[in-house]
Structures are given as C-alpha cells and as structure tokens.
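Okay, here's what each chain looks like letter by letter:
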Amino acid sequence: MPDVQLVLRSTRVITPESTRPASVTVTDGRIVDVLPHDAEVPAGARLEDVGDDVLLPGLVDTHVHINDPGRTEWEGFWTATRAAAAGGITTLVDMPLNSLPPTTTVAHLRTKREVAAARAHVDVGFWGGALPDNVKDLRPLHDAGVFGFKAFLSPSGVDEFPALDREQLGRSMMEIARFGGLLIVHAEDPHHLASAPQQGGPKYADFLASRPRGAEVTAITTLIEQARRHGTHVHVLHLSSSDALPLIAAARREGVAITVETCPHYLTLTAEEVPDGASEFKCCPPIREAANQDALWQALADGTIDCVVTDHSPSTADLKTHDFATAWGGISGLQLSLSAVWTEARKRGHDLQDVVRWMSTGTARLVGLDARKGAIEAGRDADFAVLAPDETFTVAPAALQHRNHVTAYAGRTLYGVVRSTWLRGERIATDGEFTEPKGQLLTRPS
C-alpha cells in the first residue's frame, strides 16, 4: 500500500455511522482510513488540523444548468464550478438544455465535454436529453457515459428542447428500460397549466396561480402509470408541490421505481415573502406557501424525498424582468445551497448528518457514484468540505462566483461558512481563493 500522504483531522468528522473526532488518511486522492482523532501521523504525511470545524464529504449536486457552450453569458463551466467549490460542492451533473447544442446526441455530448475539460474546478458529469425525435440516440448516449435522460412534460422555455407528449414519453421510457437507464422528468402537466389563469404582470400571487399544484400531481400520476407499465426508473425533478407526496409514497410501496428531489429554494423561501416584481424568485414549478414547505421538510425527514439539489438555472439580469410571465424562470443558488439548507435545517431540529444524507450521499446514489462519492469512508474519493456551522454571513451578490449575481438570497443571513473545499485530497478553494481547475469529467459507472 502506498504511503499516506495527507491526514485531515477534526473534532467533528461526518461519517456514515456518526459524527465524531477523527483523523482521515488520504493516499493518491482516495481515503485510506478513518482513524481515531489522536492517531499518530504516519511518517512523511502532511497533517491538516481543522480544529472544531466540521469535515464533511464534498456535496454532489445532480441538477445544474451550466449553459456552456452557447449561452455562456448566462453561466459557464469556469464560473459555475468555482461557485460550486466556494460552496463545498465537489461534483456536479450538468443538465442537457440551455446550452447550444443541447446534449441530445453523442456528437453534442462530445462538444460539451471538450468545452468543459479545461474549465472544471470540480468533477463534472452530464445528463442526456430525451426529445420527441431522438429515441435512436438514447442508447448511444447511455453507452457514451451520460448518467440518464432529462425530459419535459410541459414547455421547457427554450425551443431547441421540446417536451414529450404521452405517446413520446412512453416510447422513450420503453427504450430507456431496455438498457436499465434513468429518466429524470420536469413533471408539470401542460393541459393543467393551459387551463390555469395566465394574467402576467408583477404580482407573485398571479404567477403562483398560473402554475398550480395540480399540474405537478397530474404529471406525476402519468409518470407513475408509465413507470409501472414499462419498468423504467423515473426520477421526479425539483418537486415543489407537497400534494404529490402521497402518490409517490404509495407507488414505492407497490414497487414502482420512482425517486424524487426537491431544492433549497422550496425549503427556505416561501410565497408569502416574495415581493411583487421580484422575479429573482421566479422558478418553475414555483416557490409555494409556508404550509407546503412544512410538508416538504416532513417528507425529507421520513425519506419520501430522496435528495436536495440546486436546480441552479441562471440568466443575465436583463431577462429577470418585473413581469413574472415574461421573466426567465430560474434560481441561482449553487454557491449558497449548503448554507441555505443548513440554516433552515438547524431551525427545524435536523443536524449536519441529515444534510449530508440529502445533499451528498443521496445524490451520489441517484447517479451511481456512491462507490466513489458521498461519504467519508475508506475507498472513496478524498472530496471534502470544511464548514464552520455556527458562523453566519450575509449574502452579498457581488461576492458570488456565479457569472450573473442575481440571487433570491440577497441580504439573507445564513449559517455555515465554508472554510475550504478539497477534491481528491487537494485543497481547491479557501476563503474565496481558488487553484487552477483540477476537476475531472465523469462518466456513468458501467
């Protein structure tokens, strides 16, 4: 066995079993062992003692819109992955749309990987896209290493990524089931949305009425029916409506392969507090009422919701108009996700062990990276975040690493300061300072 090269020591190390004082040994970018806190440092190893700051596994964010290439004025691999590193995230999986071209063929995936290769400060994987006319491309994309396939059941907001109707959804699901793939779905029913009032304007209440809870419930009902019929693993993206939770729980009891995520903005922001005209809060599906948020937290606690991801979906500031009907829908939260979730979680009686389960372990499991990512234990990548959980900071948009500094969290005081972030045993971010890009491009484990 190669000699230990690094020992990371803390009085609070989050492992799968517990949070405890420990020394974590690292060789060639992998964790060798988790030893008692006072274990002797092997000869030649470097000791990094972070004191009482918490050592947790680097977060894995499986829902990020990087928009590169094609819409790099919105975001890009350089800025998005720096923001991730600043927030304790060490692995991203990039969504297939909002970039040009979208990741819907092997050639387009190759283009995306070429752009990302020299710009990634953290590890990056890729989702493919399921479109009405690309069923023939799904298996080749799977074989090329995408982690699964994104589909919309309602308009995506960009013309080059059209939604699937019921018949097209069925065809895609049958094909994906043949090779044991994963379909991830923006689940809002288009007919339900079309029948909702569409007033437009600056009032958030009008926008909320235009994206009713029932649109999610109807779409998820369709997904469950199709997943049951075809045996496809389906994953519900960015769940905002708690009304769908009983359906999901019942389907799981039947044996339907369905998983679900929610997002920091649904867990920390409420409809009641959104000012009129403040389209930095606009996303689809929308931020809902406080009572709905309480139910989402309960579903996290009981395991109905599997994981928490950002759905970081930025744009340029000019697209965030005061009219909720025309403003770009997306929340920028990549750098702030850990602190935002931790701030609300601690208030609700959860601990950092829970946050790690939702934002690292669960997400790594979703994309099949749980042999490498998502936990501090022997054999995993030495990816870490060092967090001062009791320190606070006030969100200053100018301090964010995102390309555009529009954020719904501006001015909020959050708990949890990320001191440093480590990728495969190397410190890549410390107090706003970054190394040159050290991220690797990931493929789905075979």
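To be clear, the structure that these remarks concern was listed above.
Quick caveat: nothing in here was measured; it's all calculated off a predicted structure.

(A) Examining the sheet that holds strand β12 (residues 233–236) more closely. Sheet architecture is open: six strands sit in the order β9-β10-β11-β12-β13-β14, paired in parallel fashion. If you trace the sheet from one side to the other, it starts and ends with β9 (128–129) and β14 (307–308), each paired once. The pairing of strand β11 (residues 182–186) with β12 spans four bridges and is classified as parallel. When the bridges of β12 are listed, V185 appears paired with V236.

(B) Focus on the pairing of strand β1 (residues 6–14). Along β1, seven of the nine residues are buried, which leaves the element largely enclosed by surrounding structure. Sheet topology places β1 next to strand β4 (residues 46–49); four bridges connect them, and they run parallel. Opposite R9, over in β4, you have D49 as the bridge partner. Bridge count for β1 against strand β2 (residues 19–27) is seven bridges, and the pairing is antiparallel. Across the sheet, R9 pairs through a bridge with S23, a residue of β2. The antiparallel hairpin formed by β1 and β2 contains four residues in its connecting segment. When β1 meets strand β5 (residues 54–57), the two strands line up parallel, connected through two bridges. If you follow V13 over to β5, its bridge partner there is L55.

(C) Representation of the packing of aromatic side chains in the model. Overall, the coordinates contain eight aromatic pairs when judged by the stated rule. Seen in terms of ring centroids, W74 and W328 are 4.8 Å apart; in terms of plane orientation they differ by 55°. Their pairing is tilted. One end of the pair, W74, is in the loop between β6 (59–64) and α1 (77–86); the other, W328, is in the loop between β14 and α11 (337–347), with 254 residues separating them in the sequence. Aromatic side chains F152 and F161 sit 5.9 Å apart centroid to centroid with 75° between the ring planes, which places their arrangement in the edge-to-face category. One exposure class covers both F152 and F161, and it is buried. The rings of Y204, F207 and F324 are connected pair by pair, giving a single aromatic cluster. Sitting over the face of the ring of Y415, R346 holds its NZ or CZ atom 3.8 Å from the ring centroid.

(D) Molecular detail of the sheet that holds β6. The strand order across the open sheet built from three strands is β6-β7-β8, with neighbouring strands paired in parallel fashion. Strands at the two margins of the open sheet, each flanked by one partner only, are β6 and β8 (123–126). Here the average twist between neighbouring strands, direction ignored, is 20°. α1 contacts β7 (89–94) and β8 of the sheet and is inclined by roughly 140° relative to β7.

(E) The arrangement of the nonpolar core in detail. Membership of the largest hydrophobic core comes to 96 residues, with the highest contact counts inside it found for F149, L183, L239 and V355. One finds V60, V93, L182 and V367 within the second-largest nonpolar core, a separate group that totals 21 residues.

(F) Summary view of the pairing of β2. Two elements, β2 and strand β3 (residues 30–36), share six bridges in a ladder whose sense is antiparallel. Its bridge partner lying in β3, T27 is registered against R30. The turn linking β2 back onto β3 is made up of two residues, and D28 within it adopts a positive phi angle of 50°.

(G) The pattern of salt bridges, seen in detail. Inspection of the entire model under this criterion finds 32 salt bridges. A salt bridge links K112 to D94; the nearest nitrogen and oxygen atoms lie 2.5 Å apart. Here K112, found in helix α2 (residues 106–116), pairs with D94, found in strand β7; they are 18 residues apart in sequence, far enough to count as distant. The class of D94 is buried, set by a relative accessible area of 1%. When the shortest N-O distance is used, the salt bridge between K373 and D123 registers 2.7 Å. Of this pair, K373 sits in the loop between α12 (352–366) and β15 (384–394) while D123 sits in strand β8, placing them 250 residues apart in sequence. Through salt bridges with shared partners, a single network forms among R30, D123, R372, K373, D381, D383 and R424.

(H) Region of the structure containing unusual backbone geometry. For the peptide bond that leads from D68 to P69, omega is 5°, which places it in the cis range. Examined against the element boundaries, P69 turns out to sit in the loop between β6 and α1. In this chain, L100 is followed by P101 through a cis amide linkage whose omega measures 5°. Looking at the element boundaries, P101 is found in the loop between β7 and α2. The residue D28 is not glycine, and still its phi comes out positive at about 50°. Within the fold, D28 resides in the loop between β2 and β3. With relative accessibility at 54%, the residue D28 sits in the exposed group. At N67, a residue that is not glycine, the phi angle is positive and equals roughly 70°.

The rules we used
- Residues numbered from 1 in each chain as written.
- Predicted model: local features only at pLDDT ≥ 70, side-chain atom pairs only at ≥ 80, totals over all residues.
- Heavy atoms only, no water.
- Pairing = 2+ DSSP bridges.
- Helix = DSSP H or I, 4+ residues; strand = E, 2+ residues; numbered from the N terminus.
- Buried < 20%, exposed > 50% of the residue type's maximum accessible area, 1.4 Å probe, protein only.
- Phe/Tyr/Trp six-rings, centres within 6.5 Å; stacked < 30°, edge-to-face > 60°.
- Lys NZ or Arg CZ within 6 Å of the ring centre and 35° of its normal.
- Axes fitted to C-alpha atoms, helices over the stretch in contact; angles between N-to-C directions.
- Contact = heavy atoms within 4.5 Å.
- Core = buried A, V, L, I, M, F, W, Y, C linked by side-chain atoms within 4.5 Å.
- Salt bridge = Lys/Arg side-chain N within 4 Å of Asp/Glu carboxyl O.

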